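# Remarks on the overall topology
This is what each chain is made of:
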There are 2 protein chains.
Amino acid sequence: MLDLERHREMLRNCSIAAALETVGERWSFLILRGAFNGLHHFEEFQSTLGIARNILSNRLARLVENEILRREPDPADRRRVAYHLTDKGLDLLPVLLSLREWGERWVSSGPSGQVLVDRATRRPIASMQPRDADGHPLSRGQLEWVDRSEL
Amino acid sequence: MLDLERHREMLRNCSIAAALETVGERWSFLILRGAFNGLHHFEEFQSTLGIARNILSNRLARLVENEILRREPDPADRRRVAYHLTDKGLDLLPVLLSLREWGERWVSSGPSGQVLVDRATRRPIASMQPRDADGHPLSRGQLEWVDRSEL
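This is a predicted model, so every value here is computed, not measured.

### Let's talk about the environment of B:I51
Residue and element names in this part refer to chain B. In this fold, I51 is placed in the loop between α4 (42-49) and α5 (53-65). Residue I51 is classed as partly exposed on the basis of its 18 C-beta neighbours within 10 Å. In the structure, I51 is positioned 24 residues away from W27 in sequence and 8.1 Å away in space, judged by C-alpha atoms. Residues contacting I51, with those up to four places away along its chain left out, are W27, F45, Q46 and L56.

### A closer look at the nonpolar core
Residues A:I31 and B:I31 are the most contacted members of the largest nonpolar core, which totals 44 residues. Every element with two or more residues in this core is listed here: α3 (26-36), α4 (42-49), α5 (53-65) and α7 (93-106) of chain A together with α3 (26-36), α4, α5 and α7 (93-106) of chain B. Excluding residues within four positions of it along the chain, B:I31 makes contact with B:F45, B:R59, B:L60 and B:L63.

### A look at the environment of B:R131
Among the structural elements, B:R131 can be located in the loop between β3 (114-118) and β4 (143-147). The class of B:R131 is buried, set by 20 C-beta atoms lying within 10 Å. Considering only alpha carbons, one finds B:R131 and B:V95, 36 residues apart in sequence, at a separation of 16 Å. Every residue in contact with B:R131, bar those within four places of it in the chain, is listed here: A:I125, A:A126, A:G135, B:H136, B:P137 and B:L138.

Cut-offs used in this document
- Residues numbered from 1 in each chain as written.
- Chains lettered and ligands numbered in written order.
- Predicted model: local features only at pLDDT ≥ 70, side-chain atom pairs only at ≥ 80, totals over all residues.
- Helix = DSSP H or I, 4+ residues; strand = E, 2+ residues; numbered from the N terminus.
- Buried ≥ 20, exposed ≤ 12 C-beta atoms within 10 Å, placed from the backbone.
- Contact = placed C-beta atoms within 7 Å.
- Core = buried A, V, L, I, M, F, W, Y, C linked by C-beta atoms within 7 Å.

Right under this line is the structure:
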């Protein structure tokens, strides 16, 4: 028998819900993707994403407010503003990589052009998947949800 | 100098954009999270998430249409419908885990109640992060984006 009250409590505390408030929106995510690929200026985001200026302006403001991007004067031209990923923003990389991998496998037609590699070996990074403490991949059947109190 | 045309082409083909069309919406993601935690019936989703019936109905239909959930007659009561994750849906686990980890670290106040463990050792799974082919974590400075053609 499913304990609905326990599930409700769990979901109320769920950090996914909180995270989605911040980054779950399509344009916000595409702006982030651009930032991870080296875009910094309003005009770059605008022309690359083909996003309406008022929406871009709104989403950039929200990402700054949520401390995922920060605004800085561009060192090359102090009148221009440059957007940079904060540590909180940079820490979204695993989310983007997982989502991209899933999209490549199930949604789009084939792999995308850019690949993240280990700088030292030039080999592509491993696939994003659940792993044990030693870094070995775990299949679905090897996983189990438990209550933190049971650990 | 930033090659905007190349970025534009890249983003056009980006599988994240495609993936977000399917699962980037807040309620869709929370429904998925419920499904990963064992919810199967309309009423369970409804009472657990506190979502309006028409929105729930719409989002479930979209997830079925996108082949992330499938509808099946409930074996216990053939008049009832049960929703189950497809392989495509189950494959979203790394996305949910990465997003949850980020949310726990940066957004919500502390870790959530449920933990995913290695069934054999009862140890929590490792953190979701970029790793080399041998499963060793790679820090930001060890990573580099390259064009697939350069591999």
